[in-house]
Amino acid sequence: MVQRKLQQNHHSPEKPSGKGGLNESQELEVTIVFQVEKGLGTKTLGQRKDQMKEWWIQVGLLSVPLLAVYLHIPPPKLSPALHSWRASGRYFTYKTQNIFYRDSSGALGSSDIVVLLHGFPTSSYDWYKIWEGLTQRFQRVIALDFVGFGFSDKPRPHRYSIFEQANIVEGLLGHLGLRNQRINLLSHDYGDTVAQELLHRYEHNKTGCVLINSLCLSNGGIFPETHYPRFIQKILKDGGPLSPIITRLMNYYFFSRGLGAVFGPYTQPSAAEYWDMWTAIRTNDGNLVVDSILQYINQRKKHRDRWVGALTSTSVPLHLIYGPLDPVNPYPEFLQLYRKLLPASTVSVLDDHISHYPQLEDPMGFLNAYLNFINSF
């Protein structure tokens, strides 16, 4: 109101007087008061800015040592279950890398061998719920931690690739004296892509290739066009400036929330299971190589014809075990494309509430589906 009246007085040659107007002395008084109040307000705001600046400086100074301590926190101690898993395994050397694996003797009278290929970002421990069941059917049950995962070495910097992981599988079988033995491959997620590369080499008679007797896939990004990575994976896979920051700040809380999103609502891991997964990742600073490993998403797109072509052209018995609630490879889009491109493959679709980790969410359903496939040929 004061400003409006002042403007009116400024533009009018005759200034109103009496109750409805301001005389010159009143106008001057209002102007002085207004300017003083404005100055006081500016001064108060400036003081507040200085206080906020000082507060942020204090927070920053306090955060630096806390962050330094956090970044050097050692990995969690192994749980008894995870310690037992590691203790029952061994290591072999691929080039300069120490690779963890488990090799269990199983059913007497069987000559069948199964090799298990785990997914991202976890480890061979993904198979622990069906391990005993597999040993009752197979002569040997073998699983490994790919380089960069679990208890294997996690070099950095390093160019992680699906091709290297396939080389490691071939190297392990050579180390175990199984190069000339027929192998059944059971894979999940990231392991599906490694299996596709091994299948391509087998179909093209590559030297030293794995002699594949059968291949069973499960909930993996077999087709890039029906694969939907999580938001954090999209950020990390391109190795932008935020990647090293995010990997260093990764913690159990964000990990468990992110991984929980790809489990079904009724099949969530227990707190102990989450900690075991997180511990396996943190071992050997595995959280710091996650962005490098995620290059596999780009590799899937680049080598789609090679890896999808291996599936469409093979005569090896194929099977898919699928959790239909998977947000990464969603139903029905993924399954429709799978059946269209691979009509000769058999498929086991688990219950509607099973998601991306079917061997952990429904171990009995998964095991029965796999054994039915193995016993069908």
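Cut-offs used in this document
Residues numbered from 1 in each chain as written. Predicted model: local features only at pLDDT ≥ 70, side-chain atom pairs only at ≥ 80, totals over all residues. Heavy atoms only, no water. Helix = DSSP H or I, 4+ residues; strand = E, 2+ residues; numbered from the N terminus. Buried < 20%, exposed > 50% of the residue type's maximum accessible area, 1.4 Å probe, protein only. Contact = heavy atoms within 4.5 Å. Salt bridge = Lys/Arg side-chain N within 4 Å of Asp/Glu carboxyl O. Expected span 1.5 Å × (residues − 1). Pairing = 2+ DSSP bridges. Axes fitted to C-alpha atoms, helices over the stretch in contact; angles between N-to-C directions. Arc of directions from axis to C-beta. Polar contact = N/O pair within 3.5 Å; in protein donor to acceptor, adjacent residues only side chain to side chain.

(A) Focus on the overall build of the chain. Per the secondary structure count, the chain includes 16 helices and eight strands. The buried share of the chain, reckoned over its 377 residues, is 50%. Considering only contacts in the chain between residues 6 or more positions apart, those separated by 24 or more positions represent 79%.

(B) Main features of the pattern of salt bridges. This structure, assessed with the given rule, holds ten salt bridges. The closest approach of N and O atoms between Asp112 and Arg137, which form a salt bridge, is 2.8 Å. Pair noted here: Asp112 is in the loop between β2 (97-105) and β3 (113-117) and Arg137 is in the loop between α4 (131-135) and β4 (140-144), with a separation of 25 residues, a long-range link. Under the relative-accessibility criterion, Asp112 is labelled partly exposed at 23%.

(C) Molecular detail of helix α10 (residues 271-282). Given a rise of 1.5 Å per residue, twelve residues ought to cover 16 Å, and the 16 Å separating the end C-alpha atoms of α10 matches this to within 8%. Most of α10 sits inside the fold, with nine of its twelve residues counted as buried. Turning to α10, its buried residues number three or more, namely Glu273, Tyr274, Asp276, Met277, Trp278, Thr279, Ala280, Ile281 and Arg282. Asn284 occupies a position one or two residues after α10 and carries a positive phi of about 60 degrees.

(D) Geometry of the sheet that holds β2. Taken in spatial order, the eight strands of this open sheet run β1-β2-β4-β3-β5-β6-β7-β8, and their pairing is mixed. Among the strands making up the open sheet, the edge pair consists of β1 (90-94) and β8 (346-349). Taking the axes of each pair of neighbouring strands and ignoring which way they run, one obtains an average angle of 25 degrees across the sheet. Strand direction decides the pairing type here: strand β5 (residues 182-187) and strand β6 (residues 211-218), joined by five bridges, are parallel. Paired with Leu186 across the two strands is Cys216, which belongs to β6. Sheet strands touched by helix α5 (residues 162-175): β1, β2, β3, β4 and β5. Its angle to β1, the strand with the most contacts, is close to 120 degrees. Along the sheet, helix α6 (residues 190-203) makes contact with β3, β5 and β6, crossing β6 at roughly 150 degrees.

(E) Structural detail: helix α9 (residues 252-260). Along α9, the residues classified as buried are Phe255, Ser256, Leu259 and Gly260. Down the axis of α9, the smallest arc covering the buried residues is 120 degrees, so these residues share one side. Residues of α9 that are exposed and point more than 90 degrees away from the buried face comprise Phe254 and Arg257. Residues of α9 that are buried make contact with α10. The distance from a side-chain oxygen at the start of α9 to the backbone nitrogen of Tyr253 is 3.1 Å, and the residue carrying that oxygen is Asn251.

(F) Seen up close, the environment of Asp112. Taking C-alpha positions, Asp112 is 9.0 Å from Val141, a pair spaced 29 residues apart along the chain. Those residues within four positions of Asp112 in sequence are excluded, and the remaining contacts are Arg137, Phe138, Gln139, Arg140 and Asn184.

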